[in-house]
Amino acid sequence: MKMRLSRKNLVIVIVSILILGLGSFLFLRPNSGPKFDSIIIERGDLIQKVEVVGKVKPAQSVDLEFEQSGKVKSISVKVGDKVASGKVLATIDRRDLEAQLLEKEASLDLVKADLAQSVKNKRSLTDINTQTALRTELENAKLNLENIKLKAEDDLKSVYNDAQNIINESSTQTEISFSNYKIMQERYFGGYGSEDLLVQNGKNDIESKVYGSQAFNIKGSKYYVSVANSTVLNSDIDKALSSLQISLGSLRDNLSVLQSAINNNLSEVSSTDEDLVTSESSVITGQLSEVNSAIKTISTQKITNAKNISDAQTKLLTTQSSFPTDEDILKKESAVKQAEAGVLVARANLSKGVIVSPFSGIITAVNYDEGESAISNQPVITMISNAGYEVEANVSEIEISKINVGDRAEVVLDAYGPENKFMTYISEIDPAETVIDGITTYKIILQFENPDSQIRSNMTANIEVETARKDNVILIPQRALFIEDGEKKVRIFSNGNVESRKVTLGISGQDGMIEVVEGLSEGDNLITFIED
């Protein structure tokens, strides 16, 4: 009997056969291994670089300032001027400093002359006749000084004796005149009118000057005269004279007020009393003149005595200098050195008021005008040198170990673009760190190999420092590396198998390539990527 399959059953059979066939294929086919990318290892050149951004700066830039404050006398430059080294750029008014220097130089000349004279005198003592004459002159100078002192004492004593008589006479007169003043006040001006009060106030003023005031703890002239008569000391006589000067002055002024009051009331004042007040006023004026004269005489005598004694002492010192000892000459040599030091200090102070160009260059800033007051240690003029420009940059602590003085660097200035490259070399690496935004960096300075007029201060510089170069070495991409058991390794496809190899590495480049010192050979098939 012939069986026929329906279309539905036929489809099921065909699908089943296809599934069994595909499964058998997948199960029975040989294992082809993991998929990977690889390259053939070659030799090449490798350059290691450090990239940083810096700024162009003048090779020399300086803020110049006065070391002393003062009024600006002259500014001899303006911004943009080219100046030579040593040129005077600015000064302040130095007349007082110049005067001090002249004074110090004059003092130096004096002590030098004194030293020269002492040396000359010491040499002259070798002659017996000269020595004898000088010793006679010395004894005469000593005797003259003693005589001058005795005369000064006698003269001063004489003027003080005269003053003693004057203070007693004047003191007596003050009491008499005050008594008469008081009588006139009580007789004619005991009321409450304006003139009465003026005269009464005068009486109180005179009384306090002559007799003092217990309420205010003030001693009057009568007290000081009593002390001077008791001690007969010059200092007490001086105090008595001064107090009498005040008392007599009060009497003179207030007697004048009393006279004016009497003149305004002549009908009430007797002519006898009027004449008495006039007489008292004249006497007091005379006594005050005598006291003033005594004070002046004492002062003049003291000045005369001091001058005479000083002249005699100078004569003695001059004569004594004719017999200089070795110690005297050493002291005078020391005085000369001290005076020379004073001159040097004065010259140094004078120079502090001058600004001089420390090198040849260009003025970039002038901060003061003539006539303005400059403050010490504040920039007055800024200048840059003719030595050209340099580049300053800060390198991170991670990269600084790769950099050395002398390394060459390629610089691109933003102002001129990448098509204009400038070659430089590192001339300086700052040993001290600079912290910028919390990051430790180290400043480096680069010098242009070929100075160019296009270069300007403060331009932004993109720097590539060539820190190492290796030629004809085995290179591999860094992505081919992996770490296994703490060792750096790569995978090699060899004879149909993938194998791991330990490698020793050298320097790395900016393009992702790294040098292999040991572990690989040129021509090896290096796996750069493999599926897990």
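Please read all numbers here as calculations on a predicted model, not as lab measurements.

> What am I meant to see in the packing of aromatic side chains here?
To describe a pair of aromatic rings, you give the distance between the ring centres and the angle between the ring planes. Evaluated as defined, the whole model comprises 4 aromatic pairs. Over the ring of Tyr223 we find Lys219; its NZ or CZ atom is 5.4 Å from the centre of that ring. Here the guanidinium or amino end of Arg491 rests over the ring plane of Phe482, the centre of that ring lying 4.1 Å away.

> Help me out: how do you make sense of the pairing of strand E17 (residues 487-494) in this one?
Sheet analysis places strand E16 (residues 482-484) next to E17, joined by 3 bridges and oriented antiparallel. When the bridges of E17 are listed, Ile483 appears paired with Lys488. The turn linking E16 back onto E17 is made up of 2 residues, and Asp485 within it adopts a positive phi angle of 55°. Pairing geometry for E17 and strand E18 (residues 497-502), over 6 bridges, is antiparallel. In the sheet register, Arg491 faces E18, and the bridge partner there is Ser500. Linkage of E17 to E18, two consecutive antiparallel strands, is achieved through a turn of 2 residues, within which Asn495 is found at a positive phi near 55°. Where E17 and strand E21 (residues 525-530) come together, 2 bridges link them in antiparallel fashion. Note that in E21 the partner of Ile492 across the bridge is Leu526.

> Help me understand the side chain of Thr319, please; the structure alone is not making it clear to me.
Mapped onto the elements, Thr319 comes out in helix H7 (residues 271-320). Residue class for Thr319 comes out buried when judged on its relative accessible area of 2%. Looking at Thr319, its side chain comes within polar contact range of the main-chain oxygen of Lys315, at 2.8 Å. Apart from the residues within four sequence positions on either side, Thr319 is in contact with Leu134, Glu137, Leu138 and Ala141.

> Hey, could you run me through helix H5 (residues 221-231) in this one?
Helical geometry note: an α-helix holds 3.6 residues per turn, so side chains three or four residues apart project in the same direction. Turning to H5, its buried residues are Ser221, Val225 and Ala228. All buried residues of H5 lie within an arc of 60° about the axis, which places them on one face of the element. On its buried face, H5 sits against helix H3 (128-188), helix H4 (194-211) and helix H6 (234-263). Once H5 ends, the next one or two residues include Val232, with phi positive near 55°.

> Quick question: what am I supposed to make of the pattern of salt bridges here?
Pairing is possible between side chains of opposite charge, provided their charged atoms come close. Applying the stated criterion across every chain, the model contains 24 salt bridges. Linking Lys302 and Asp238 is a salt bridge whose minimum nitrogen-to-oxygen distance equals 3.5 Å. With Lys302 in helix H7 and Asp238 in helix H6, the pair connects residues that are 64 residues apart, well separated along the chain. The partner of Arg501 in a salt bridge is Glu499, and the shortest N-O contact between them spans 3.2 Å.

> Explain the sheet that holds strand E5 (residues 82-83) to me, please; I cannot follow it from the model alone.
In a beta sheet, neighbouring strands pair by backbone hydrogen bonds and run either parallel or antiparallel. Pairing within the open sheet is antiparallel, and its 4 strands lie in the order E3-E10-E8-E5. Every other strand in the sheet has two partners, leaving strand E3 (61-65) and E5 as the edge strands with one partner each. In this sheet, strand E10 (residues 379-385) lies alongside strand E8 (residues 361-366) in antiparallel orientation, the contact comprising 5 bridges. Each residue of the ladder has a partner; that of Gly361, found in E10, is Ser385.

> Where do I start with the pairing of strand E6 (residues 88-92) in this structure?
Remark: a regular strand shows side chains that alternate across the two faces of the sheet. Burial runs high along E6: 4 of the 5 residues are buried. In this sheet, E6 lies alongside strand E4 (residues 70-75) in antiparallel orientation, the contact comprising 3 bridges. The residue of E6 that forms the bridge with Val72 is Ile92. Direction of pairing for E6 relative to strand E7 (residues 354-356): antiparallel, over a ladder of 3 bridges. Across the sheet, residue Ala90 finds its bridge partner in E7, namely Ile355.

> Would you mind going over H4 with me for this structure?
With 18 residues, H4 extends 26 Å from end C-alpha to end C-alpha; this agrees with the ideal 26 Å at 1.5 Å per step. Those residues of H4 lying buried are Asp196, Val199, Gln200, Gly202, Lys203, Ile206 and Val210. Looking straight down H4, one finds its buried side chains confined to an arc of 155°; they lie on one side. Opposite the buried face of H4, by more than 90 degrees, sit the exposed residues Ser194 and Leu198. In the core, the buried residues of H4 are packed alongside H3, H5 and H6. Positioned one or two residues after H4, Gly212 has a phi angle of 85°, which is positive.

> Quick question: what am I supposed to make of the packing of H6 against H7 here?
Contact geometry of H6 with H7 gives a least axis separation of 9 Å together with a crossing angle of 155°. Compared by their axis directions, H6 and H7 come out roughly antiparallel. The crossing of H6 and H7 is left-handed. Among the residues making up the contact of H6 with H7, the classes are represented as 14 nonpolar, 9 polar and 5 charged.

> What am I meant to see in the sheet that holds E6 here?
If you walk across this open sheet you meet the 4 strands as E7-E6-E4-E9, and the pairing is antiparallel. Two strands in the sheet have a free side with no partner beyond their single neighbour: E7 and strand E9 (373-374).

> Looking at this structure, I do not really get the confidence of the model for the chain. What am I missing?
Do not read the predicted coordinates in detail wherever pLDDT is low. With 93% of its residues at a pLDDT of at least 70, the chain reaches an overall mean of 86. Confidence, read as mean pLDDT per element, is least for helix H1 (residues 7-28) in the chain (47) and greatest for H6 (96). For the stretch residues 1-5, pLDDT sits under 50, and the model shows 0 contacts to residues farther than four places along the chain or on other chains.

> Would you mind going over the nonpolar core with me for this structure?
It is characteristic of soluble globular proteins that their nonpolar side chains tend to be buried jointly. Of all hydrophobic cores here, the largest spans 33 residues; its most connected members are Ile167, Phe189, Leu241 and Leu258. Breaking this core down by element, the ones donating at least two residues are H3, H4, H5, H6 and H7. When neighbours within four sequence positions are excluded, Phe189 is seen to be in contact with Met184, Asp196, Val199, Gln200, Leu258, Ala261, Ile262 and Asn265. Formed by 22 residues, the second largest nonpolar core is a distinct cluster that contains Val395, Ile426, Ile444 and Val465.

Criteria and cut-off values
Residues numbered from 1 in each chain as written. Predicted model: local features only at pLDDT ≥ 70, side-chain atom pairs only at ≥ 80, totals over all residues. Heavy atoms only, no water. Phe/Tyr/Trp six-rings, centres within 6.5 Å; stacked < 30°, edge-to-face > 60°. Lys NZ or Arg CZ within 6 Å of the ring centre and 35° of its normal. Pairing = 2+ DSSP bridges. Helix = DSSP H or I, 4+ residues; strand = E, 2+ residues; numbered from the N terminus. Buried < 20%, exposed > 50% of the residue type's maximum accessible area, 1.4 Å probe, protein only. Polar contact = N/O pair within 3.5 Å; in protein donor to acceptor, adjacent residues only side chain to side chain. Contact = heavy atoms within 4.5 Å. Arc of directions from axis to C-beta. Salt bridge = Lys/Arg side-chain N within 4 Å of Asp/Glu carboxyl O. Expected span 1.5 Å × (residues − 1). Axes fitted to C-alpha atoms, helices over the stretch in contact; angles between N-to-C directions. Parallel < 35°, antiparallel > 145°, perpendicular 65-115°, else oblique. Left-handed = near helix turned anticlockwise from the far one by under 90°. Nonpolar A, V, L, I, M, F, W, Y, C, P; charged D, E, K, R; others polar. pLDDT = per-residue confidence, 0-100. Core = buried A, V, L, I, M, F, W, Y, C linked by side-chain atoms within 4.5 Å.

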